[in-house]
Amino acid sequence: MLLSVYFHEEVALDSCRQDEGLHRYIPFSRMDSSGKPSTAQIVVLATSSALTAIFYSIYKNRAKTVSSLQEAKKVSIDQDLKNILSETPGRCIPYAVIEGVVRSVKDTLSSQFVENCKGVVERLTLKEEKMVWNRTTHLWNSTEKVIHQRTNTVPFALGSHDEDISTTVRVIRPLDAAELNLETTYENFHPSAKSLSTVIGHFISGERPKGIHETEEMLRVGDSVTGVGELVLDNNLIKLQPPKAGLSYFLTRMDFESLLRKQTTSVRVWRILTVVFGVAACSTLLFVLWRLYTHSRQSRKERSMLEEFKEQQRRRMCELNLEESSLSPSSCTVCLSRERSCVFLECGHVCACAQCYEGLTEPKKCPICRAPIERVVPLYTS
Ligand SMILES: [Zn+2]
Ligand SMILES: [Zn+2]
């Protein structure tokens, strides 16, 4: 008991505030309720708002791409194409969709691994695969790193599926196109050599190399390709080139319907992400505002109760014919005669003597703030 009183005295000294003449012991649980948003809440609010903005701009961008794809003019490669283009203003279709087969213009690239495999785009990639020890999850995670990549291209054109039609469309800057999914023509895995000493070394360093993954990917002659871009007639040569700013250039082995479906799915994914993070940002903001509101309401209530209490005290002083100056600052605020001698918990007010506490009507409430008194701690001043 002695220890607990000593402890309360210590805390009371630390956090006792001279509250316009009313001593108040502020319990720890109430010290953080300043109503201001915490750092964590600010971080969550800022991050979720920033992510919402980023995801929304990606979503808008993708949605624009899909709508421009839907509006793009579908053009078929046939004998009339040159005439159609020469009659079009500017001899150009700003955004056109063409489907055709890959035809070489002069040279072709030969696969370095497969015989009789000819193409127009060839990409060689060396990837290092290794297992890395994650110190947080205590698991080996597989990681990949591209250590070398080389892409070769030769000029090529798209022709009609019908061999008899000689009209072709030259593809300009194919590597600038999105969705250029090449066909894997060769793939090999070279595992790293393992010996007991290297294995021990790997466990110490936390990195365990698995090996080198070598791939060759190609766009082969004869592949069906869909191209979306600007179609121009330039000196008797029909060219498909990257479109004007704001439109995406596509070259893909998918057909147009699959390309459109894939883009639509991606729009949906970004929309969902935007909504999820937007809801998180809004609810954090609402929570912070609600906390500020309840805190300001609470402090308004406390102020009005204090006013009311002071009014009662003035009336009591009139009854007793006492002057304010003759009151001791530590006298009980109820009887105004004895010394204050107890702490009311959980509110923490030190405002009454033990006798006045006994005299409070049940259920006992703090005379200052009307909080229910759950516990009373005697106050010993020395
Ligand atoms: Zn009293
Ligand atoms: Zn109180």
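Thresholds applied
- Residues numbered from 1 in each chain as written.
- Chains lettered and ligands numbered in written order.
- Predicted model: local features only at pLDDT ≥ 70, side-chain atom pairs only at ≥ 80, totals over all residues.
- Core = buried A, V, L, I, M, F, W, Y, C linked by C-beta atoms within 7 Å.
- Buried ≥ 20, exposed ≤ 12 C-beta atoms within 10 Å, placed from the backbone.
- Helix = DSSP H or I, 4+ residues; strand = E, 2+ residues; numbered from the N terminus.
- Contact = placed C-beta atoms within 7 Å.
- Pairing = 2+ DSSP bridges.
- pLDDT = per-residue confidence, 0-100.
- UniProt positions renumbered as here; feature names shortened; annotations may be inferred.
- Axes fitted to C-alpha atoms, helices over the stretch in contact; angles between N-to-C directions.
- Parallel < 35°, antiparallel > 145°, perpendicular 65-115°, else oblique.
- Left-handed = near helix turned anticlockwise from the far one by under 90°.
- Expected span 1.5 Å × (residues − 1).

Draft legend 1. Inspection of the nonpolar core at higher detail. Grouped together as the largest cluster of nonpolar side chains are 29 residues, with contacts concentrated most on Ile98, Leu158, Val169 and Val171. Only strand 4 (92-104), strand 6 (118-134), strand 8 (156-159), strand 9 (168-171), strand 11 (207-220), strand 12 (224-234), strand 13 (237-241) and strand 14 (250-252) provide two or more residues apiece to this core. Apart from the residues lying within four places of it in its own chain, the contact partners of Val171 are Phe156, Ala157, Leu158, Gly227, Leu240 and Leu251. In terms of nonpolar packing, the next biggest core, distinct from the first, is built from 15 residues, Val334, Val343, Ile368 and Ile373 among them.

Draft legend 2. Region of interest: the pairing of strand 7 (residues 139-153). Burial analysis of strand 7 places just zero of its 15 residues in the buried class, a small minority of the element. Here 14 bridges tie strand 6 to strand 7, and the two strands are oriented antiparallel to one another. Bridge pairing links Asn134 to Leu139 in strand 7. Where strand 6 folds back on strand 7, the antiparallel hairpin that results is connected by four residues, among which His138 adopts a positive phi of roughly 55°.

Draft legend 3. Inspection of the confidence of the model for the chain at higher detail. With 90% of its residues at a pLDDT of 70 or more, the chain has an overall mean of 85. Contacts of residues 25-32 to residues separated by more than four positions or lying in other chains number 13 contacts, the stretch itself having pLDDT below 50.

Draft legend 4. Region of interest: unusual backbone geometry. Cis peptide bonds are those with omega within 30 degrees of zero, and the linkage from Leu345 to Glu346 qualifies with 10°. The residue Glu346 is located in the loop between strand 15 (342-345) and strand 16 (349-350) in this model. With an omega dihedral of -15°, the bond running from Glu362 to Pro363 counts as a cis peptide bond. Tracing the sequence through the fold places Pro363 in the loop between helix 7 (354-359) and strand 17 (375-378).

Draft legend 5. Here's a closer look at the UniProt feature "transmembrane region" (unreviewed entry) in the chain. Mapped onto the present numbering, the UniProt feature "transmembrane region" (unreviewed entry) falls at residues 39-59 and 269-293. The span residues 269-293 is 100% helix and 0% strand, and its two end C-alpha atoms sit 36 Å from each other.

Draft legend 6. Structural detail: the packing of helix 3 (residues 39-71) against helix 6 (residues 256-320). Contact pair helix 3 / helix 6: the axes reach a minimum separation of 7 Å and the direction vectors enclose 155°. The angle between helix 3 and helix 6 falls in the class roughly antiparallel. Helix-helix and strand crossings are classified by hand; for helix 3 and helix 6 the assignment is left-handed.

Draft legend 7. Region of interest: the UniProt feature "domain: RING-type" (unreviewed entry) in the chain. Mapped onto this numbering, the UniProt entry gives "domain: RING-type" (unreviewed entry) at residues 332-370. Regarding residues 332-370, the helix share stands at 15% and the strand share at 15%, and the terminal C-alpha atoms are separated by 16 Å.

Draft legend 8. View of helix 3. Under the 1.5 Å per step criterion, the end-to-end length of helix 3 is 48 Å for 33 residues, consistent within 8% with the ideal 48 Å. Along helix 3, the residues that are buried comprise Ser48, Thr52, Phe55, Tyr59, Arg62 and Thr65. On the buried face of helix 3, the contacting elements are helix 6.

Draft legend 9. Molecular detail of the pairing of strand 8. With four bridges connecting them, strand 4 and strand 8 associate as antiparallel partners. If you follow Val102 over to strand 8, its bridge partner there is Leu158. By the bridge criterion, four bridges tie strand 8 to strand 9 in an arrangement that is antiparallel. Of the residues in strand 9, the one forming a bridge with Leu158 is Val169.

Draft legend 10. A look at helix 5 (residues 196-205). In terms of residue burial, helix 5 counts as a barely covered element, since only zero of its ten residues are buried. Just past helix 5, the residue Gly206 takes up positive phi, approximately 80°.

Draft legend 11. Here's a closer look at the environment of Asp255. Within the secondary structure, Asp255 is located in the loop between strand 14 and helix 6. With 13 C-beta atoms counted inside 10 Å, the residue Asp255 sits in the partly exposed group. Expressed as a C-alpha distance, the spacing of Asp255 and Ile98, which sit 157 residues apart in the sequence, is 9.9 Å. Here Asp255 is in contact with Glu99 and Thr226, once residues within four sequence places are set aside.

Draft legend 12. Examining the environment of Val199 more closely. Among the secondary structure elements, Val199 is positioned in helix 5. In the structure, Val199 is positioned 162 residues away from Thr361 in sequence and 79 Å away in space, judged by C-alpha atoms.

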